[in-house]
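Residues per chain, in single letters:
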Amino acid sequence: MDIQENIINKVAQSGLVTLDPAAFYPQGERVVYDIKDNLYMELILREKDFREFVKAHDWSQYTGKNVAVTCTADAIVPAWAYMLIANKLAPYANDVVFGDENVLETVLFEKAIAKADLEQYRDQRIVLKGCGDIPVPTSAYVELTKKLTPIAKSLMFGEPCSTVPIYKRKD
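Criteria and thresholds
- Residues numbered from 1 in each chain as written.
- Predicted model: local features only at pLDDT ≥ 70, side-chain atom pairs only at ≥ 80, totals over all residues.
- Heavy atoms only, no water.
- Helix = DSSP H or I, 4+ residues; strand = E, 2+ residues; numbered from the N terminus.
- Polar contact = N/O pair within 3.5 Å; in protein donor to acceptor, adjacent residues only side chain to side chain.
- pLDDT = per-residue confidence, 0-100.
- Contact = heavy atoms within 4.5 Å.
- Axes fitted to C-alpha atoms, helices over the stretch in contact; angles between N-to-C directions.
- Parallel < 35°, antiparallel > 145°, perpendicular 65-115°, else oblique.
- Left-handed = near helix turned anticlockwise from the far one by under 90°.
- Nonpolar A, V, L, I, M, F, W, Y, C, P; charged D, E, K, R; others polar.
- Phe/Tyr/Trp six-rings, centres within 6.5 Å; stacked < 30°, edge-to-face > 60°.
- Lys NZ or Arg CZ within 6 Å of the ring centre and 35° of its normal.
- Patch = residues over 30% accessible without salt bridge, like charges linked within 9 Å, V, L, I, M, F, W, Y side chains within 5 Å.
- Areas by Shrake-Rupley, 256 points an atom, 1.4 Å probe, with all protein chains shown as cover.
- Salt bridge = Lys/Arg side-chain N within 4 Å of Asp/Glu carboxyl O.

### Let's talk about the side chain of Glu143
Inspection of the secondary structure puts Glu143 in helix H5 (residues 138–148). At 3.2 Å, the side chain of Glu143 forms a polar contact with the side chain of Lys146.

### Focus: the confidence of the model for the protein chain
In the predicted model, the protein chain carries a mean pLDDT of 89, and 92% of its residues have values of at least 70. With pLDDT under 50 throughout, residues 7–13 is counted as low confidence; its partners more than four residues away or in other chains account for 3 contacts.

### Overview of the packing of helix H4 (residues 101–115) against H5
How two helices sit against one another is set out by the angle between their axes and by the gap between those axes. For the pair H4 and H5, interaxial distance at closest approach is 9 Å and the crossing angle is 20°. With respect to each other, H4 and H5 are oriented roughly parallel. Considering how the two elements wind past one another, H4 and H5 form a crossing that is right-handed. Here H4 contributes Thr106, Phe109, Glu110, Ile113 and Ala114 to the contact with H5, which in turn contributes Ser139, Ala140, Glu143, Leu144 and Lys147. Taken together, the residues of the contact of H4 with H5 break down into 5 nonpolar, 2 polar and 3 charged.

### Description of the environment of Val142
Tracing the backbone through its elements, the reader meets Val142 in helix H5. As for Val142 and Glu110, which are separated by 32 residues in sequence, their C-alpha atoms are 9.7 Å apart.

### Re the packing of aromatic side chains
Tallying each qualifying case throughout the model produces 8 aromatic pairs. Note on Tyr141 and Phe157: the rings are 5.4 Å apart at their centroids and 75° apart in plane angle, and the pair reads as edge-to-face. Of this pair, Tyr141 sits in helix H5 while Phe157 sits in strand E6 (residues 154–159), and the two are 16 residues apart along the sequence. Aromatic ring contacts, followed pair by pair, group Tyr33, Phe53, Trp59 and Tyr62 into a single cluster. The ring of Tyr40 carries the charged tip of Arg46 above its face, separated from the ring centre by 3.6 Å.

### So, a nonpolar patch on the surface
Together, Tyr40, Met41, Leu43 and Ile44 make up a nonpolar patch on the protein surface, roughly 430 Å² of accessible area in all. Inspection of the secondary structure assignment puts Tyr40 in the loop between strand E2 (30–34) and helix H2 (47–56).

In structure tokens:
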């Protein structure tokens with residue numbers, strides 16, 4: 001039995017460029033601020049009590065954190081309540097969004113992708129890496145696809161050894 005001595009790495013010779021969306025993972029701790037804790041019996045927002053809490057609370061504990069502001073109770077919370085919280089968080093937090101953890105991740109990834117210079121991928125055959133240690137929201141793949149389609153020669157999803165074609169420019 002002959003043993004082949006030259007192993008050829010066809011993936012390396014393919015000219016594919018792998019882009020890992022996890023590279024856009026925004027740093028910073030994620031925190032959810034739930035207004036339900038400020039509601040009377042988790043049902044009613046009492047304006048006077050709420051304003052006193054907002055005034056007295058130590059908002060500096062959110063320094064450098066990414067904060068999602070939400071209400072998980074089945075209560076009607078006026079928009080101004082979220083605005084007061086955002087106003088107090090803004091000087092300290094990296095970012096403040098309205099919504100849950102998923103909304104926070106979506107917004108953070110979208111902002112990071114918006115800042116990215118993707119010109120280095122012009123006319124390249126790109127594979128958007130499909131799995132990794134950091135969970136990447138589907139919205140990040142959609143955003144990257146939207147931004148890369150006009151500049152890439154082709155766009156694929158997965159791993160270089162097993163890709164799903166998404167787009168190929170007709171030259």
